[in-house]
Amino acid sequence: MNLSKPIFLFAYANDMQYSLELEEEERAIRDILAPLHDQGIIEYLSLGSTSIDDLYKTTVRLHNRIFLFHYSGHSGQSFLELTDGKARASFLSLLLGQQEKLKLVFLNGCANVAQVDDLFQKGIKAVIATSTNVLDQNSIALSRYFYQAFVGKKSIKDAFDIASARLKNDNSNLDIQYRGIELKQEDSTNFPWGLYTKEEKFLKWKISFYTKSKTDINYILDQDISHIDNLNHSLFELMFEGMSRYKSDYKEKWKSYKENPNSNQLQYFKKEILDHFPHMLSFQVRDLYGAEESARIRLFELNEAYLTLAKYLAIISLSNVWDASQYFKKDFFIRPEYLEDLLAYINQSVYPGSADTFDYIWLISTMSRIFEDNNRIPFIEEFVELHQELVNLSDTYEAYRYLEQFLRNRLYPSSIDQKELINLCRKAEEKVGILFRTCAFLITYQLITIKGIDINNPRKAEKPGFVHYKAILQGAEDKAFDKTPLKKDSFASNQTVFVAKDFKDSSELLSLSPLILDLNAFEPKAKRFNPDLFFFCGFAQGKNEYEEDVNRKFVCYERSNTPGEVKILLSSPEDTQYIQHYLSYEVEDDKYKIYKRKYEEHYIESKDLILIENLLESLLSDFNQFK
């Protein structure tokens with residue numbers, strides 16, 4: 001057993017007279033957690049039919065290594081029923097209270113909320129408990145939904161909220177089999193489970209999907225990939241195959257290449273790919289083309305290409321839902337479980353040294369289901385097909401799951417054996433290529449940032465026109481400013497980033513701000529015409545060094561083409577006193593440091609920062625109306 005891994009301990013206890021379907025629950029949880037156990041992320045340990053002695057010996061042996069304790073079986077106000085008798089609340093709280101790293105106690109039995117105070121008194125941080133009798137099948141379902149969300153990188157609170165919303169939504173008529181012995185079988189129409197804590201901060205904990213042990217012998221070992229033949233071939237072939245669906249001349253080129261592959265055609269593919277995908281995506285692909293000799297760095301670059309694509313699609317999805325909810329108003333609705341996904345993205349928090357763990361592709365499916373519910377077509381109609389690819393478990397889905405759950409979670413050098421590197425590079429390249437092939441429809445849309453707008457109203461003009469100075473963010477080159485301004489009868493929002501079908505038609509625009517910002521647009525005096533795009537990535541919490549009870553939120557953005565470079569927006573140098581713990585955080589001094597989160601301050605005018613913060617508040621307010 002690896003001493004560095006968090007242990008998730010599960011105890012199950014049945015009763016011959018009041019038999020419960022505990023095997024079904026144990027199997028469901030084991031199936032969910034097994035991949036994390038196999039990858040070395042957690043240690044899954046189930047005691048099966050648990051006796052008091054089993055529980056005592058195990059908690060003593062695993063001192064300070066248990067992070068989560070889950071009990072399923074019969075319970076009451078002052079006990080948990082084990083196979084050889086009742087474990088009293090006072091005994092249980094003493095055993096668990098000595099586990100200093102314990103983050104959550106999950107008591108999945110009947111009417112055990114009275115035990116929460118005992119647990120709190122012994123130092124337990126968070127408890128899931130029940131206030132009344134619970135149906136056996138509902139208990140199984142809640143466990144399954146909770147752990148599915150928890151391994152999906154949700155915090156304790158978010159996972160509980162999502163699981164609760166899903167169980168309420170199911171509204172199933174299940175056989176009544178209660179998890180209680182002493183209590184009367186009361187009406188359980190009210191939701192009986194609750195999440196309890198003394199401090200909200202304890203509910204933010206989530207599974208860490210990487211290890212940092214430097215004792216691994218392979219930590220500093222690498223492999224040279226300069227000798228690999230056909231590096232990038234499958235990537236460019238798959239990407240161009242996707243592009244060939246949208247242009248007739250590409251279709252002919254692809255057909256010719258399949259009949260007679262040659263390096264000249266592959267060079268042509270490369271040029272067209274780098275010229276036609278949105279800027280941040282082309283930038284990532286260009287980095288892959290100039291791959292370094294290090295296999296580990298190649299894996300990081302493949303992961304960044306995947307994440308950049310996923311974040312861009314997620315921002316389009318969220319922006320589209322926001323616009324639709326405002327346009328259709330009362331004729332638009334969002335289910336509670338889908339709303340939780342949207343709010344989880346907006347309410348992200350960043351911490352010093354933290355990794356980005358949000359599943360952005362999941363947000364695309366959420367958006368698609370919302371539009372299905374409302375019988376609407378999304379702004380980018382190809383999202384319907386993309387969603388179907390994911391739902392139907394196609395090779396697109398397999399590519400997403402591989403990159404999200406396998407590669408992304410193992411990227412820290414200590415979690416990948418040296419012998420795996422070459423094969424991982426080949427497979428990850430193929431999976432990235434498959435996702436880009438499916439999302440090649442992006443070449444038919446323009447990403448545009450508005451740099452400025454002038455009013456053009458000459459003498460005798462029938463009506464004024466609006467001259468837009470813009471940058472078209474297409475291709476890998478940094479210089480994207482469009483020197484030919486466009487006159488329109490109406491005006492677009494200034495300092496805004498759009499995705500456009502036809503910029504001349506205002507109905508063919510989808511604003512992506514404030515989820516994407518061109519920070520150079522907020523520095524007109526510097527005359528920085530070339531765009532500098534940033535994705536919204538959450539909030540940093542600041543604390544005044546002199547007033548410990550004063551907290552402030554600072555909005556954070558991550559550079560779109562170099563993920564990990566986080567800017568914390570400030571309106572004055574004095575604000576740095578609130579966020580020194582972020583700005584002073586030092587990334588480990590190793591050759592992989594460029595792929596780990598680092599924080600820098602970014603000053604913009606107060607009025608601009610207020611505008612951005614107000615837009616985010618408006619976004620939150622508009623979505624919260626669906627609660």
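The model shown is predicted, which means the values in this text are computed figures rather than measured ones.

Please explain the sheet that holds strand β16 (residues 551-559) as it appears in this structure.
One open sheet accounts for 5 strands, arranged β14-β15-β16-β17-β18; its pairing is mixed. Here the strands that pair on one side only, and so sit at the sheet edges, are β14 (516-518) and β18 (598-603). Strand-to-strand twist across the sheet, computed as the mean angle between neighbouring axes with direction ignored, equals 45°. For β16 and strand β17 (residues 565-570), the ladder comprises 3 bridges, and the chain directions are antiparallel. Considered in β17, the bridge of E558 is made with V566. Strand contacts of helix α18 (residues 606-624): β14, β15 (533-543), β16 and β17, with the helix running at about 95° to β16, the strand carrying the most contacts.

Just checking my understanding: could you explain the pairing of strand β7 (residues 126-130) for this structure?
Residues in a regular strand point their side chains to alternate faces of the sheet. Taken across its 5 residues, β7 has 5 buried, putting it largely inside the fold. Judged by which residues are buried, β7 turns out to be covered on both faces: A126, I128 and T130 on one side and V127 and A129 on the other are all buried. Of the pairings in the sheet, the one linking strand β6 (residues 104-108) to β7 comprises 2 bridges and is parallel in character. Opposite V105, over in β7, you have V127 as the bridge partner. This β-α-β element, β6 to helix α4 (residues 116-121) to β7, shows right-handed connectivity. In terms of strand pairing, β7 meets strand β8 (residues 193-197) through 5 bridges, oriented antiparallel. Bridging from a neighbouring strand, T130 pairs with W193 of β8.

It is not clear to me how the pairing of β15 should be interpreted in this structure. Could you clarify?
Along β15, 9 of the 11 residues are buried, which leaves the element largely enclosed by surrounding structure. Of the pairings in the sheet, the one linking β15 to β16 comprises 9 bridges and is antiparallel in character. The partner of G542 across the bridge, within β16, is R552.

When you look at the environment of I568 in this model, what are you seeing that I'm missing?
Following the sequence through the fold, I568 ends up in strand β17. In this structure I568 comes out as buried when scored by relative accessible area, which is 0%. Note: C-alpha distance between I568 and F539 (29 residues apart in sequence) is 8.4 Å. In contact with I568, other than residues within four places in its own chain, are A540, F554, V555, C556, I579, Y582, L583, Y599, E600, E601 and H602.

Teacher, can you tell me more about the packing of helix α13 (residues 360-373) against helix α14 (residues 382-391) here?
What describes two packed helices is the angle between their axes and the distance between those same axes. Interaxial distance between α13 and α14 falls to 10 Å at its minimum, and their mutual angle equals 115°. With respect to their mutual orientation, α13 and α14 come out roughly perpendicular. The crossing of α13 and α14 is left-handed. Contacts from I361, I364, S365, M367, S368, R369 and E372 in α13 reach F383, L386, H387, Q388, L390 and V391 in α14. Each residue belonging to the contact of α13 with α14 can be placed in one class, and the counts come to 7 nonpolar, 4 polar and 2 charged.

Sorry, what's going on with the environment of L515 here?
When you line up the elements, L515 lands in the loop between β13 (509-511) and β14. In the structure, L515 is positioned 18 residues away from V497 in sequence and 9.1 Å away in space, judged by C-alpha atoms.

Cut-offs used in this document
Residues numbered from 1 in each chain as written. Predicted model: local features only at pLDDT ≥ 70, side-chain atom pairs only at ≥ 80, totals over all residues. Heavy atoms only, no water. Pairing = 2+ DSSP bridges. Helix = DSSP H or I, 4+ residues; strand = E, 2+ residues; numbered from the N terminus. Axes fitted to C-alpha atoms, helices over the stretch in contact; angles between N-to-C directions. Contact = heavy atoms within 4.5 Å. Buried < 20%, exposed > 50% of the residue type's maximum accessible area, 1.4 Å probe, protein only. Right-handed = clockwise from strand over helix to strand, strands pointing away. Parallel < 35°, antiparallel > 145°, perpendicular 65-115°, else oblique. Left-handed = near helix turned anticlockwise from the far one by under 90°. Nonpolar A, V, L, I, M, F, W, Y, C, P; charged D, E, K, R; others polar.

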